[in-house]
Amino acid sequence: MPENDEVIILVDQNNTIIGDVPRHLMNFGRDYHRVTYILVFNTKGNLLVQKRTDDKAFCPGYYGITTGGVVEKDESYIESAHRELQEELGFDAPLKSQGIFFTEGQGFKIWGKIYTCHYDKAIHGELTLQPKEVASVHEMTIDDILNNRNNLLFTPDSLEALRHYAHKLTQPKDNDPL
C-alpha cells in the first residue's frame, strides 16, 4: 500500500458498511462509498466555493461547491466532516446535518451526508487552504450556482448535494448514520 494511502469505508446500495479498501485499490465507478458535503456559508449568507487544484484525480480544476470528502475507515460522517473542514479550509465550526442522499455518475456511487456551517473571519481567522487540494476560494450565491450563467464547471456530486439542500429533497432523520 502506498504511503499515506487513505483507507475508505465501503458500503452497499443501502448505505450499510460492508468493509473498507485502500484508495489506490478503490473502483470509484463500481464501489459504493460515503462522502461528506459541507456547505460553508459566510456572514453574508453566501457559499464559500473551492476551486480544485489542477492535479486532483476527480474533476481537476472544477469548482467544488462543498468542503468535504470520503469517509475513512473507523470514521463517522461527522468526524470526517470536521476533519475535512480543518484540512481544506483550516478552521472548524459547529455542523448541522441536512440529511443523507444517494448520487451516482461517471466514476462515482456515493451515499453523501450534507452539513451546513458558518464561517466568520472575525471568529475563525483567515482561511488556510490545503495546497494540494484547494487552489482558491470564491464567494457565490446559491442562485448563481444553480443558474450557472457563467458556465462554470462544478463537481457533479457537490452540485447534486446543493440541489438536495436548496430544494429540500433531504432532511435529517433520527436513524441517519452518524
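Treat the numbers as computed from the prediction; the structure is a model and nothing was measured.

Enquirer: When you look at the overall build of the protein chain in this model, what are you seeing that I'm missing?
Expert: Within the protein chain one finds four helices and eight strands. Along its sequence from the N terminus, the protein chain presents helices and strands in the succession β-β-β-β-β-α-β-β-α-β-α-α. A globule of 178 residues ought to have a C-alpha radius of gyration of about 16 Å, and the protein chain, at 15 Å, matches this closely. Taken over the C-alpha atoms alone, the protein chain extends approximately 40 × 35 × 35 Å along its principal axes. In the protein chain, buried positions account for 48% of the 178 residues. Contacts spanning at least 24 positions in sequence make up 61% of the contacts within the protein chain whose residues lie at least 6 apart.

Enquirer: Is there a simple way to explain the packing of aromatic side chains in this structure?
Expert: Aromatic ring pairs are described here by two measures, namely the spacing of the ring centres and the angle between the planes. The final tally for this structure, using the stated rule, is seven aromatic pairs. A ring pair is formed by phenylalanine 91 and tyrosine 119, whose centres lie 5.0 Å apart and whose planes are at 55°; its orientation type is tilted. Within this pair, whereas phenylalanine 91 is found in the loop between helix H1 (77–89) and strand S6 (96–105), its partner tyrosine 119 is found in the loop between strand S7 (108–118) and helix H2 (121–124), the two being separated by 28 residues in sequence. Since its relative accessible area comes to 5%, phenylalanine 91 is described here as buried.

Enquirer: Looking at this structure, how should I read the pattern of salt bridges?
Expert: Think of it this way: side chains of opposite charge can pair up when their charged atoms draw near. Summed over all chains, the structure comprises 13 salt bridges. Arginine 83 is the salt-bridge partner of glutamate 87, the closest N and O atoms lying 3.3 Å from each other. In this pair, glutamate 87 and arginine 83 both sit in helix H1, four residues apart, roughly one turn of the helix. The salt bridge involving arginine 149 is made with aspartate 144; its shortest N-O contact spans 3.9 Å. A relative accessible area of 56% means that arginine 149 is categorised as exposed. A relative accessible area of 41% means that aspartate 144 is categorised as partly exposed. Through salt bridges with shared partners, a single ionic network connects Glu72, Glu75, Arg83, Glu84 and Glu87.

Enquirer: What's the story with the pairing of strand S2 (residues 17–22) in this structure? I'm lost.
Expert: On a regular strand, one side chain projects to one face of the sheet and the next to the other, so that they alternate. Bridge count between strand S1 (residues 7–11) and S2: five bridges; the pairing is antiparallel. The residue bridging isoleucine 8 from the neighbouring strand is valine 21, located in S2. Between the end of S1 and the start of S2, which pair antiparallel, lie five residues, with asparagine 15 showing a positive phi angle near 70°.

Enquirer: Is there a simple way to explain unusual backbone geometry in this structure?
Expert: Leaving glycine aside, a negative phi is the common case for residues, and trans is the common case for peptide bonds. Of note, the phi angle at cysteine 59 is positive, near 55°, even though the residue is not glycine. Phi at asparagine 151 is positive, roughly 55°, even though this residue is not glycine. Structurally, the position occupied by asparagine 151 is in the loop between helix H3 (142–147) and helix H4 (156–166). Relative accessible area serves as the criterion here: at 63%, asparagine 151 is assigned to the exposed category.

Enquirer: Would you mind going over the nonpolar core with me for this structure?
Expert: The tendency in soluble globular proteins is for nonpolar side chains to be buried as a group. Core analysis: the largest hydrophobic core is formed by 23 residues, its most contacted members being Leu39, Leu47, Val49, Ile65, Ile145 and Phe154. Broken down by secondary-structure element, the contributors of at least two residues to this core are S1, strand S3 (32–41), strand S4 (47–52), S7 and H4. A per-element tally of this core places S3 first, with four residues.

Enquirer: When you look at the side chain of glutamate 84 in this model, what are you seeing that I'm missing?
Expert: Tracing the backbone shows glutamate 84 in helix H1. Within the structure, the side chain of glutamate 84 is placed 3.2 Å from the side chain of arginine 83, a separation counted as a polar contact. Excluding residues within four positions of it along the chain, glutamate 84 makes contact with Thr36, Thr67, Gly68, Gly69, Val70 and Leu89.

Enquirer: Explanation requested: H4 in the structure shown.
Expert: Each turn of an α-helix holds 3.6 residues, which means side chains three or four residues apart point in the same direction. Looking only at H4, the buried set comprises Asp157, Ser158, Leu159, Ala161, Leu162 and His164. Buried residues in H4 make contact with S3, S4, strand S5 (63–64), S6, S7 and H3. Just beyond H4, the residue with positive phi is lysine 168, at close to 55°.

Reading the values: rules and limits
- Residues numbered from 1 in each chain as written.
- Predicted model: local features only at pLDDT ≥ 70, side-chain atom pairs only at ≥ 80, totals over all residues.
- Heavy atoms only, no water.
- Helix = DSSP H or I, 4+ residues; strand = E, 2+ residues; numbered from the N terminus.
- Rg over C-alpha atoms; globule rule 2.2 N^0.38 Å.
- Buried < 20%, exposed > 50% of the residue type's maximum accessible area, 1.4 Å probe, protein only.
- Contact = heavy atoms within 4.5 Å.
- Phe/Tyr/Trp six-rings, centres within 6.5 Å; stacked < 30°, edge-to-face > 60°.
- Salt bridge = Lys/Arg side-chain N within 4 Å of Asp/Glu carboxyl O.
- Pairing = 2+ DSSP bridges.
- Core = buried A, V, L, I, M, F, W, Y, C linked by side-chain atoms within 4.5 Å.
- Polar contact = N/O pair within 3.5 Å; in protein donor to acceptor, adjacent residues only side chain to side chain.

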